[in-house]
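# Remarks on the overall topology
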Amino acid sequence: MGQQMSDQRPIGVIGVGWVGLVTAGCFADLGREVIAMDVNAAKIDALERGEVPIHEPGLEGLLERNRERLRLTTEMSEVLDPARLLFCCVDTPPTYSGDADLSRVESVVSQLPESGEHALVMKSTVPAGTGRAIRRDHPSLTYVSCPEFLKEGSAVEDFLHPDRVVIGADPGDEWAADEVEAIYRPLGGELVRTDVASAEMIKLAANAFLATKISFINEIANVCEEVRADVAEVAKGMGLDERIGPQFLRPGIGYGGSCFPKDVSALKQLAGNSGYHFQLLTAVIEVNELQKRRVISKLQKHLGSLVGREIALLGLAFKPDTDDMREASSLVLAGRLQADGARVRAYDPVAEDAARPLMSGVDFSDSALRAVEGADAVVLVTEWPEFAELDWAEVASRMRGDLVIDGRNALRSELVTAAGLAYEGIGRH
Ligand code: UDX
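Residues numbered from 1 in each chain as written. Predicted model: local features only at pLDDT ≥ 70, side-chain atom pairs only at ≥ 80, totals over all residues. Heavy atoms only, no water.

## Some points on the pairing of strand 2 (residues 34-37)
The side-chain alternation of strand 2 yields two buried faces, one formed by Val-34 and Ala-36 and the other by Ile-35 and Met-37. Note: strand 1 (residues 11-14) against strand 2, four bridges, orientation parallel. Note on strand 2: the bridge partner recorded for Gly-12 is Ile-35. Regarding topology, helix 1 (residues 18-29) serves as the crossover connection from strand 1 to the parallel strand 2, and that connection is right-handed. Pairing of strand 2 with strand 3 (residues 70-73), which is carried by four bridges, proceeds in the parallel orientation. The partner of Ile-35 across the bridge, within strand 3, is Arg-71. (Buried < 20%, exposed > 50% of the residue type's maximum accessible area, 1.4 Å probe, protein only. Helix = DSSP H or I, 4+ residues; strand = E, 2+ residues; numbered from the N terminus. Pairing = 2+ DSSP bridges. Right-handed = clockwise from strand over helix to strand, strands pointing away.)

Written out as structure tokens, the structure is:
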């Protein structure tokens, strides 16, 4: 343990999901040789044919122009032989208890030789304490925590222009942390060198804080509806305070995605498992669940019973510029609408294939205008720019009813109402 490695060695990336693929592609783009492995042979085959399994702006071009430097494999040995730094990018989905499922991480660790030559660089989001536990069970293994802060839809951009890079290592493992730092240094961004447990907590705390900010503004929006204030004005006035800042103050129909729901729950469980009741996060989660359902009461307020009503959902993914359906609010919304007897049709510019297997009984359209035909109400679920540019007179002429619920406050209400439609946003009057 502790020997220096040559800069020229290839970098190993284990797991080519969202994080792994972006990480591997970007390291290659930095001029490094990368060997990326995944147990999913179909995924590796597809990537070798040049097919990128996810929708992420800039990623396809990045992988294409770095083909020479990026080797793909399903064999761990092909990574372990040449590489010493192994970036672990496997997923850590939530279990039924809300804890993170570390079985894939454990499987990776179990395959690492005890020679002490390798350093495991953890990018997967893991509970604080995971690094310490792995080090305890595998004393010869060098361990670095290097959490990712990539946003889907701008992951390549975020990777190449980070706000900060967090690198956590415990005494004895600094050599590997130095190697990681050297890889990231050309990208700029503040380098935060710390211990492993603190690095793990930074990731969880950052996501939990952002989720808290969203649930907070969602509750403010709900109060705004009661007192006839405009949440957009409120958020603007709040955000100009430097201590608050303007970002993540957009109310909507709840946060989703692969990170916030899972990480907030994992932090709550982690605290609970150590004997601490994290009250605030319990509320953040509950507010988010209720927020997804508020659209139903808005629809009922205007339409009465939803039995037999035709509801068009514009957008399905948890946010624009992605086809990721994980924890998307549309899933809860469509399920609730169907349970209340409504018929649901939907259009999303890229997420249809991902959504189909998750949304039985939903009628998929190939354009927004097709989706609204004969609809009693239209609900904007994901704020794709093309929805803000819709011809509302055309929409009105195709609909059966006249209700537009803007679940992301992404539409210009005056354009919608000018077409003779009734508009309702979130926290706006
Ligand atoms: C998030 C974190 O931002 C990123 O740092 C971390 O690495 C992974 O998790 P991501 O899941 O891609 O990234 O999505 P993000 O853009 O943060 O949005 C998450 C959800 O919050 C979306 O559903 C979005 O619609 C919602 N959101 C975001 C709001 O409802 N209001 C806001 O003001 C901001």
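From this point, the discussion proceeds with the structure in view.
## Looking at the nonpolar core
The biggest cluster of nonpolar side chains holds 43 residues, and the ones touching the most others in it are Val-22, Phe-27, Phe-87, Phe-159, Val-180 and Tyr-184. No other element matches the eight residues that helix 1 contributes to this core. The contact partners of Phe-27, leaving out residues within four places of it in the chain, are Ile-11, Val-13, Arg-32, Val-34, Phe-87, Phe-159, Ile-183 and Tyr-184. Formed by 37 residues, the second largest nonpolar core is a distinct cluster that contains Ala-235, Met-238, Leu-303 and Ala-355. (Core = buried A, V, L, I, M, F, W, Y, C linked by side-chain atoms within 4.5 Å. Contact = heavy atoms within 4.5 Å.)

## A few points about the site of the ligand
Near the ligand you find 18 residues, and of these Leu-150, Glu-152, Arg-250, Phe-318 and Lys-319 are the closest. Taking Leu-150, its main chain carries an N or O atom lying 3.0 Å from an oxygen atom of the ligand. Burial of the ligand by the protein chains amounts to 95% of its free accessible area of 670 Å². Top element by residues in the shell around the ligand is helix 9 (residues 196-227). It accounts for three residues. Grouping the amino acids of the shell around the ligand by side-chain chemistry returns nine nonpolar, two polar and seven charged. (Near = heavy atom within 4 Å. Polar contact = N/O pair within 3.5 Å; in protein donor to acceptor, adjacent residues only side chain to side chain. Areas by Shrake-Rupley, 256 points an atom, 1.4 Å probe, with all protein chains shown as cover. Nonpolar A, V, L, I, M, F, W, Y, C, P; charged D, E, K, R; others polar.)

## Examining the side chain of Glu-148
Tracing the backbone through its elements, the reader meets Glu-148 in the loop between strand 6 (142-145) and helix 7 (155-160). Take Glu-148: its relative accessible area is 6%, and that puts it in the buried class. Among the polar contacts listed, one links the side chain of Glu-148 to the backbone nitrogen of Leu-150, at a separation of 2.8 Å. Leaving out residues up to four positions away in the same chain, Glu-148 has contacts with Val-19, Lys-123, Thr-125, Lys-203 and Cys-259.

## What about helix 1?
Over its 12 residues, helix 1 runs 16 Å from end to end, which matches the ideal 16 Å to within 8%, given 1.5 Å per residue. Burial within helix 1 is extensive, with 11 of its 12 residues counted as buried. When we look at burial in helix 1, the residues that qualify are Trp-18, Val-19, Gly-20, Leu-21, Val-22, Thr-23, Ala-24, Gly-25, Cys-26, Phe-27 and Ala-28. At the exit of helix 1 stands Gly-31, carrying a positive phi of roughly 95 degrees. (Expected span 1.5 Å × (residues − 1).)

## As for the sheet that holds strand 5 (residues 119-122)
Read across the sheet, eight strands follow the order 3-2-1-4-5-6-7-8 without closing on themselves; strand pairing throughout is mixed. Looking along the sheet, the strands with just one partner apiece sit at the ends: strand 3 and strand 8 (190-194). Strand after strand, the sheet turns through a mean of 25 degrees between neighbouring axes, direction not considered. Sheet strands in contact with helix 9 are strand 6, strand 7 (164-169) and strand 8, and its direction is about 140 degrees off that of strand 7. (Axes fitted to C-alpha atoms, helices over the stretch in contact; angles between N-to-C directions.)

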